[in-house]
Amino acid sequence: MSRSLPNIIITGTPGTGKTSHSELLAERTGLRHISVNKVVKDKECHEGWDDEFQSWIVDEDKLLDAIEEDAKQGGCIIDWHACDLFPKSWIDLVVVLRADTATLYDRLKARKYSEAKLQENMDSEIMEVLLQEAKESYDEEIVVELQSVDTDGMESNIERIEQWLDQWKKNNAS
């Protein structure tokens, strides 16, 4: 698939800074930020609400249909806590954000996550679930793990992704 701009997934356990990174990156690069949570809610790509985890039960087929045209055009920053459902042909870079457990715990507590949701997300981060998912779903050379603990780290991460984007544009100039 030939695109003039790449598609980037920014993934990670809830609380690692996906949306903050995605919004800043979109602002600086002009790429489109696709918040999967917003798409699921606004375009009703779900099968209802899960009370225990306080989240929508995502209908992955509806979700993929809802963002397919944007992804085929390119220039998307896909912001979500999972990445394995997006076709390899859509994705040029997978950024997995990570945070130490103390930082992550504080962020999730501040969001008033239920104990069950908090524990599930802490376990996911400790077990590197999303990093492994990314490495199993995409070619390892397009998967990058970045630490997301403070604003200096976020700034550094954004600069690194911007450098990657500049190189991608040079490599794919027609």
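Residues numbered from 1 in each chain as written. Predicted model: local features only at pLDDT ≥ 70, side-chain atom pairs only at ≥ 80, totals over all residues. Heavy atoms only, no water.

### Quick word on helix H3 (residues 60-73)
- The first and last C-alpha atoms of H3 sit 20 Å apart over 14 residues, in line with the 20 Å expected at 1.5 Å per residue.
- At Ile67, H3 shows its maximal bend, which comes to roughly 50 degrees.
- Among the residues of H3, those classed as buried are Leu63, Leu64, Ile67 and Ala71.
- Looking at the buried positions of H3, the neighbouring elements they touch are strand E2 (32-35), helix H2 (36-42), strand E4 (55-58) and strand E5 (76-79). (Helix = DSSP H or I, 4+ residues; strand = E, 2+ residues; numbered from the N terminus. Expected span 1.5 Å × (residues − 1). Bend = angle between axes of the 7 residues up to and from the residue. Buried < 20%, exposed > 50% of the residue type's maximum accessible area, 1.4 Å probe, protein only. Contact = heavy atoms within 4.5 Å.)

### Things to note about the environment of Pro14
- Here Pro14 lies in the loop between strand E1 (8-12) and helix H1 (18-29).
- Judged by its relative accessible area of 14%, Pro14 falls in the buried class.
- Considering only alpha carbons, one finds Pro14 and Ala116, 102 residues apart in sequence, at a separation of 14 Å.
- If sequence neighbours within four positions are ignored, Pro14 has contacts with His81, Leu104, Leu108, Arg111, Tyr113 and Asn121.

Interpretation note: all reported values are geometric properties and have no functional meaning in isolation.
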